[in-house]
Amino acid sequence: EKLYDLDNTFFRFHKFYIWDSYYEELFKLLRAGENHYLIGTPPAISLKSVSLTEEIYDYTYYLGVESDDQLKKIYTIMKLLTDKGHKVSVRIHPNYFNKKNVETIFKDIEIENPISVEISESIESTRNIISQYSTVLYQGYILNKSVVIDDYSDVEMYSNLKELKYIMLNKPHKLISEIIEL
C-alpha cells in the first residue's frame, strides 16, 4: 500500500505497475516520475480466478496488529452487529502473533483462521468487509463487496489515513460509525 508519505517521493523507473489509476495521481503529488505507470492488478489482489462461494457472513472484520484496547472496541462493534441480528466473524491477520488475546476477547464471535481459510474464500463468504487499513479492503472493492472502514477503534489512525490520502477513502465505502451508532 502506498500513502502520501515522504518515503514514496522522487522515485524513477522505466515502468512502474500500479493497481489503480489513483496511485498515478498520488505519485504525481509526491513528485515521482511521470508517464511510466502501467495499471495491472495482480491475481493476488484481484482474486478473479476464485470460484464463487455462498455468502455466510453479513460482516467480517479483518484484523491487523491492533492493541488489546482496539480489539475490545472492535469486539464492541461486532457484538452490536450480532445483537442487531447480523452474522459476523473476525479474521486473524496471518502475521498476528497474539492469537490467544483474539480468542479471549472474541470468545462468542466466530474467528476465522487464515491458515485454514484462504483470503479469497473469506472475502467471497462475506457481504461487508470491515477493516481500518488493509489491502483486503481494496480486494473487496475489486470484487464488488461492500467496504466498511473502521473509524472507531483508533480515531487518530483514521484521521491520519485521511491526511495520508489512503486510496480506500476515495473509493465507495461506508464508515463503521454510519452503520452503528457509537
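Before reading further, recall that the structure is shown in the block above.
Notes on the structure follow. (Residues numbered from 1 in each chain as written. Predicted model: local features only at pLDDT ≥ 70, side-chain atom pairs only at ≥ 80, totals over all residues. Heavy atoms only, no water.)

Counting its secondary structure elements, the protein contains 8 helices and 8 strands. Sorting the 182 residues of the protein into buried and exposed places 45% on the buried side. Of all intrachain contacts in the protein linking residues separated by at least 6 positions in sequence, the fraction that spans at least 24 positions is 60%. A total of about 10,200 Å² of accessible surface is found on the protein, and carbon and sulfur atoms cover 50% of it. (Helix = DSSP H or I, 4+ residues; strand = E, 2+ residues; numbered from the N terminus. Buried < 20%, exposed > 50% of the residue type's maximum accessible area, 1.4 Å probe, protein only. Contact = heavy atoms within 4.5 Å. Areas by Shrake-Rupley, 256 points an atom, 1.4 Å probe, with all protein chains shown as cover.)

This part is about unusual backbone geometry. The phi dihedral of Asn144 is positive, around 60°, even though this residue is not glycine. Along the chain, Asn144 falls in the loop between α6 (135-142) and β7 (146-149).

All right, on to the pattern of salt bridges then. Here the structure, examined in full by the defined rule, presents 8 salt bridges. Between Asp20 and Lys171 there is a salt bridge, and its shortest N-O distance comes to 2.9 Å. Within this pair, whereas Asp20 is found in the loop between β1 (16-18) and α1 (21-29), its partner Lys171 is found in the loop between α7 (155-163) and β8 (174-175), the two being separated by 151 residues in sequence. Salt-bridge contacts for Lys28 lead to Glu24; the nearest nitrogen and oxygen are separated by 3.7 Å. Here Glu24 and Lys28 lie together in helix α1, a separation of 4 residues that amounts to about one turn. Beyond isolated ion pairs, a larger network of salt bridges with shared partners links Glu24, Glu25 and Lys28. (Salt bridge = Lys/Arg side-chain N within 4 Å of Asp/Glu carboxyl O.)

Within strand β3 (residues 57-62), 6 of the 6 residues are buried, which leaves it mostly tucked inside the rest of the structure. The sheet contact formed by β3 and strand β6 (residues 126-131) spans 4 bridges and is parallel. Counterpart to Thr60 in the pairing with β6 is Ile129. Pairing analysis gives 4 bridges linking β3 to strand β4 (residues 88-91), with the strands arranged parallel. Bridge pairing in β4 places Tyr59 opposite Val88. Read as a crossover between parallel neighbours, the route from β3 over helix α3 (residues 68-83) to β4 is right-handed. (Pairing = 2+ DSSP bridges. Right-handed = clockwise from strand over helix to strand, strands pointing away.)

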